[in-house]
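# Coordinate inspection notes
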Amino acid sequence: QVQLVESGGGLVQAGGSLRLSCAASGSIFSINAMGWYRQAPGKQRELVAAITSGGSTNYADSVKGRFTISRDNANNTVYLQMNSLKPEDTAVYYCNAVVPVSRIPWGQGTQFTVSS
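What comes next concerns the included structure. Bear in mind the structure is a predicted one, so any value in this text is a computation, not a measurement. (Residues numbered from 1 in each chain as written. Predicted model: local features only at pLDDT ≥ 70, side-chain atom pairs only at ≥ 80, totals over all residues. Heavy atoms only, no water.)

## What to know about the nonpolar core
Counting 30 residues, the largest nonpolar core has Trp36, Leu80, Met82, Tyr93 and Phe112 as its most contacted members. Of all the secondary-structure elements, those providing two or more residues to this core are strand S3 (18–24), strand S4 (33–39), strand S5 (46–52), strand S7 (67–72), strand S8 (77–82), strand S9 (91–97) and strand S10 (110–115). Once you skip the residues sitting within four places of it in the chain, Leu80 turns out to touch Leu18, Arg19, Leu20, Trp36, Ala49, Phe67, Thr68, Ile69 and Tyr93. (Core = buried A, V, L, I, M, F, W, Y, C linked by side-chain atoms within 4.5 Å. Buried < 20%, exposed > 50% of the residue type's maximum accessible area, 1.4 Å probe, protein only. Helix = DSSP H or I, 4+ residues; strand = E, 2+ residues; numbered from the N terminus. Contact = heavy atoms within 4.5 Å.)

## Side note on the environment of Pro87
Tracing the chain through its elements places Pro87 in the loop between S8 and S9. For Pro87, a relative accessible area of 36% corresponds to the partly exposed category. Put simply, Pro87 and Gln13 are 74 residues apart on the chain and 8.3 Å apart in space, counted from C-alpha to C-alpha. The residues contacting Pro87, other than those within four sequence positions of it, are Ala14, Val114 and Ser116.

## A look at the pairing of S3
The element S3 is largely enclosed, with a buried count of five among its seven residues. Pairing between strand S1 (residues 4–7) and S3: four bridges, direction antiparallel. Residue pairing in the sheet places Leu4 in a bridge with Ala24 of S3. Pairing between S3 and S8: six bridges, direction antiparallel. Paired with Ala23 across the bridge in S8 is Thr77. (Pairing = 2+ DSSP bridges.)

## What to know about the sheet that holds S5
What holds strands together in a sheet is hydrogen bonding between their backbones, with the strands either parallel or antiparallel. In space, the six strands of this open sheet follow the order S2-S10-S9-S4-S5-S6, with mixed pairing throughout. In this open sheet, the two edge strands, each paired with only one partner strand, are strand S2 (10–13) and strand S6 (57–59). Strand-to-strand twist in this sheet, taken as the mean axis angle between neighbours without regard to direction, amounts to 25°. Where S5 and S6 come together, three bridges link them in antiparallel fashion. (Axes fitted to C-alpha atoms, helices over the stretch in contact; angles between N-to-C directions.)

## Quick notes on the side chain of Thr90
By secondary structure assignment, the location of Thr90 is in the loop between S8 and S9. Within the structure, the side chain of Thr90 is placed 2.9 Å from the backbone oxygen of Pro87, a separation counted as a polar contact. Reaching out from Thr90, the side chain makes a polar contact with the backbone nitrogen of Val114 at a distance of 2.8 Å. Discounting chain neighbours no more than four positions away, the residues touching Thr90 are Ala40, Gln111, Phe112, Thr113 and Val114. (Polar contact = N/O pair within 3.5 Å; in protein donor to acceptor, adjacent residues only side chain to side chain.)

## Some details on the sheet that holds S3
Pairing in this open sheet of four strands is antiparallel, and the strands run S1-S3-S8-S7 from one edge to the other. Bordering the open sheet on either side are S1 and S7, each of which pairs with just one other strand. Adjacent strand axes in the sheet meet at a mean angle of 15° when their direction is disregarded. Relative to S8, S7 runs antiparallel, the two being bridged by six bridges. Counted as the bridge partner of Ser70 is Tyr79 from S8.

Structure (structure tokens):
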């Protein structure tokens with residue numbers, strides 16, 4: 001079964017940048033839409049960025065213009081470049097398929113904190 005491993009979290013100052021990676025242990029080529037989700041303390045998990053296998057992207061309003069999602073199908077990896085970070089971006093970040101029926105078991109996520 002395919003597993004997802006997110007990495008790249010840490011501590012960053014407001015206004016800084018960070019790049020997250022999501023490595024799948026198997027092929028994600030057949031999964032059309034992959035996304036990055038985040039879950040802040042006390043809040044529900046939300047989808048913040050999505051990318052289709054063809055490269056079309058979509059973003060939540062809260063991150064539009066600051067985050068960029070990309071994917072490398074050959075290496076089964078999805079990335080999230082985050083710029084102009086804000087304290088409200090602090091959360092645990094996960095990647096997974098956008099369509100529930102295509103979901104892979106959730107990984108442990110990667111935590112990062114934006115300090116003001």
